[in-house]
Amino acid sequence: MNFLKILKKYVIDSQFYVSLMGTLFAVFFMEEQNTFRFPSVFLIFITYFSGYLYTKYQYTRHFLKILILNAIAGVICAFLIIHNHNGIRLIKWFIIVVLGLLYNSFFLDVYIRKIPLLKVFYVGLVWALVNCWLTLPEFNLPIFLISFFFITALVLPFDIRDMKSDTVKTFPQIIGIQDTKYIAYLLVFTSLIIAIFTLEYQYSFSFFLASIVTYILIYFSENKRDDAYFSFGVETCSALPFLFLGIMKYF
């Protein structure tokens, strides 16, 4: 029990876990496109990690420390891009960072998270841009659509978890839990169909297996479930394509 509490406090609640899951989701497509490079992986992880820390702590007494940490992370990311890539990659990264700031920043009168129903699609948009644009020479539409629909589907169970505490209208509050699940099912299915027709067999099959697990976790998503079900279970779905790919390749 103590181990689970430590795991939740220092891995999940620290935003390390969600950042790692997002990074592994990107690595899956980097492998498929044969663009895998460790500096790019490190860049993506730092970007996710600093962004989620900013979102979580901006209204706390730790915000100044987080702001300094983000500034250092920004310098590191810029160095990684300039040293390993080019100016175009730096512009892409900067645009994605700005989109992240527009999602939830205290200095804006209206930010994306305050707009009803838009949040789920916006998270899917930012993650999709990382996968289909930041790591590739040119914008890849199939990877964008696969990522966008899949991540949007994964955000919906979190809206189910938070439906009693959210101050902004969400899908579960408006149409109910069951209909929200139907939307998530449709999004995952759409993402899977695109993956089957556009990715190489080994990658599309890995995505198929990940989709099955995702369906199961969405099906059992309920407001009464423990937070770990979502922040560990559902969050892991974004890394499942890469994990299944690793199993298929090396075992």
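Here, the structure is the one placed above.
Since the model is a prediction, treat every value here as computed from it, not as a measurement. (Residues numbered from 1 in each chain as written. Predicted model: local features only at pLDDT ≥ 70, side-chain atom pairs only at ≥ 80, totals over all residues. Heavy atoms only, no water.)

A full pass over the atoms with the stated rule returns 5 salt bridges. We note a salt bridge from Lys181 to Glu222, for which the minimum N-O separation is 2.9 Å. One end of the pair, Lys181, is in helix H9 (residues 177-198); the other, Glu222, is in the loop between helix H10 (201-219) and helix H11 (227-236), and 41 residues separate them in sequence. Salt bridges sharing partners connect three or more residues here, namely Arg161, Asp162 and Asp227. (Salt bridge = Lys/Arg side-chain N within 4 Å of Asp/Glu carboxyl O. Helix = DSSP H or I, 4+ residues; strand = E, 2+ residues; numbered from the N terminus.)

Before going further, it helps to spend a moment on the nonpolar core. Inside soluble globular proteins, nonpolar side chains tend to come together where they are buried. Core analysis: the biggest nonpolar cluster contains 65 residues, and Phe150, Ile151 and Phe207 have the highest contact counts within it. A per-element tally of this core places helix H7 (residues 141-161) first, with 12 residues. Domain assignment of the residues forming this core places at least three in each of domain 1 (37-114) and domain 2 (116-245). In this structure Phe207 touches Phe25, Phe28, Ile146, Phe150, Ser191, Leu192, Ala195 and Pro241, once residues within four positions along its chain are discounted. Counting residues in each nonpolar core, the second largest holds 5 residues, with Ile12, Tyr17, Leu24 and Ala239 among its members. (Core = buried A, V, L, I, M, F, W, Y, C linked by side-chain atoms within 4.5 Å. Buried < 20%, exposed > 50% of the residue type's maximum accessible area, 1.4 Å probe, protein only. Domains from an automatic or database assignment. Contact = heavy atoms within 4.5 Å.)

With respect to the element layout, Thr170 can be found in the loop between H7 and helix H8 (171-175). Among residues more than four places away in sequence, those in contact with Thr170 are Leu117 and Asp159.

So, on to the packing of aromatic side chains. In this structure the tally under the stated criterion is 26 aromatic pairs. In this structure an aromatic cluster arises from ring pairing among Phe25, Phe28, Phe29, Phe150, Tyr203 and Phe207. The aromatic ring of Tyr219 is capped on one face by Lys181, whose charged end is 5.9 Å from the ring centroid. Over the ring of Tyr229 we find Arg225, and its NZ or CZ is 5.0 Å from the ring centre. (Phe/Tyr/Trp six-rings, centres within 6.5 Å; stacked < 30°, edge-to-face > 60°. Lys NZ or Arg CZ within 6 Å of the ring centre and 35° of its normal.)

Such coordinate-based values are descriptive only and should not be taken to indicate function.
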